[in-house]
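For reference, the chains in residue letters:
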Amino acid sequence: YSFVVEEDVSLQANFGIEEFTVTVEANPSTGGIVAGGGIYQFGESVTVTATPYPDYNFAYWSINGEQVTINTSYTFTVTQNTNLVAHFQGDAFIVTAEANPADGGNVTGAGEYAYGDMVTMTATALYDYEFINWTEDGTVVSSEEVYEFEITSNRDLIANFSEEYYVVNAIAIPSGSAIIEGDGNYGPGQYCSIDAIPNQGFYFINWQENGTIISNNPHLYFLVNEDRDLEAHFGAYDFEISVTVDPQNAGTASGGGSFNYGDETTVVAEAFTGWEFLSWTHNSIVMSN
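Within each chain, residue numbers correspond to sequence positions counted from 1 in written order. It should be noted that, the model being predicted, local features are given only for residues of pLDDT at least 70 and side-chain atom pairs only at 80 or more, the latter also being counted only at that level, while totals for whole chains, interfaces and linings use all residues. Excluding hydrogens and water, the side-chain figures rest on all heavy atoms present in the structure.

A.B. asks: Could you clarify how one ought to interpret the environment of tryptophan 275 in this entry?
C.D. replies: Tracing the chain through its elements places tryptophan 275 in the loop between strand E28 (268-271) and strand E29 (280-282). Partly exposed describes any residue whose relative accessible area lies between the buried limit of under 20% and the exposed limit of over 50%, with all areas from a 1.4 Å probe on protein chains only and scaled to the type maximum. A relative accessible area of 41% places tryptophan 275 in the partly exposed class. Setting aside chain neighbours within four positions, we find tryptophan 275 in contact with Pro247, Asn249 and Ala250. Going along the chain from the N terminus, every DSSP run of H or I of four or more residues is numbered as a helix, and every run of E of two or more is numbered as a strand. Should any heavy atoms of two residues lie within 4.5 Å, those residues are counted as being in contact.

A.B. asks: Is there a simple way to explain the nonpolar core in this structure?
C.D. replies: A general tendency of soluble globular proteins is for nonpolar side chains to be buried together. In this structure, Ile180, Ile194, Trp207, Phe222 and Phe234 are the most contacted members of the largest nonpolar core, which totals 18 residues. Where this core is concerned, the elements lending two or more residues are strand E17 (166-173), strand E18 (178-181), strand E20 (191-198), strand E21 (202-209), strand E23 (219-223) and strand E24 (228-236). To define a nonpolar core, start from buried Ala, Val, Leu, Ile, Met, Phe, Trp, Tyr and Cys residues and group those joined through side-chain atoms within 4.5 Å. The next biggest cluster of nonpolar side chains, apart from the first, holds 17 residues, and it includes Val22, Val46, Val48 and Tyr74.

A.B. asks: Got a minute to help me understand unusual backbone geometry in this structure?
C.D. replies: Along the chain, asparagine 100 connects to proline 101 via a cis peptide bond; the corresponding omega equals -5 degrees. Here proline 101 shows up in the loop between strand E9 (92-100) and strand E10 (105-108). Note that the residue after isoleucine 173, namely proline 174, is joined by a cis bond; omega there is 0 degrees. Looking at where proline 174 falls in the secondary structure, it is placed in the loop between E17 and E18. One non-glycine residue, asparagine 283, adopts positive backbone phi at about 55 degrees. Following the sequence through the fold, asparagine 283 ends up in the loop between E29 and strand E30 (285-288). Look at asparagine 283 and you get exposed, because its relative accessible area is 65%. Its identity is not glycine, yet serine 284 carries a phi of approximately 70 degrees, on the positive side.

This is the structure in structure tokens:
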């Protein structure tokens, strides 16, 4: 203050104690409660406190990133604006994981985590296997190969896999006409060798799938990369049944004709007046009397 002196003057310089702001925060914010922040005068003693939430532990207080104490309570003298951070750590939890069966695939993500951490578990199926689900204590917890969750307790997970296979189904048309060998379950990349073996009286025609002829060879050999429904078609041999009468003027015989293998037929002999039926013969061998 500058002025011109013209008389006696009594001046008084008045002072007030400087005030500063003390702020407190929790890291993470879900880790606990902090107290003690506010407006304080220069030289005043301040105490800040930190109280962890369940499943968290207090770690330390820091100012400007520098650790100042590992005690939950911190007392200091105010000389400037101050920002204090209470650091908390979640309780450590263990995540274990295994593949079922062991050679079905690989699992990643197991380890030690702090309370509230996000965990990412990944299941990768190996060759000939496919991922089914994640289970814990026998309960399905996810059907996704990548399973994410917030950890609040120990976890014991199982990644379930099943052997991947394709079904090759083959039937004979008509039923009973042949024996089919080689159909069944095949893993991806395997080759199927399948044969259609005709029963007596039948002959192979072709293989068909969905109404389309795929081969005229009774033996099939192919790479399996999908389910297959195959039909082996067969025909029955035709047979001629001829009937004659001996002597020709003794009577009549009926029932002959063309027949498929396995058909049943009846032949009938009727004697003329003055004659009687004796027997049926084939190549001079008596078949019936």
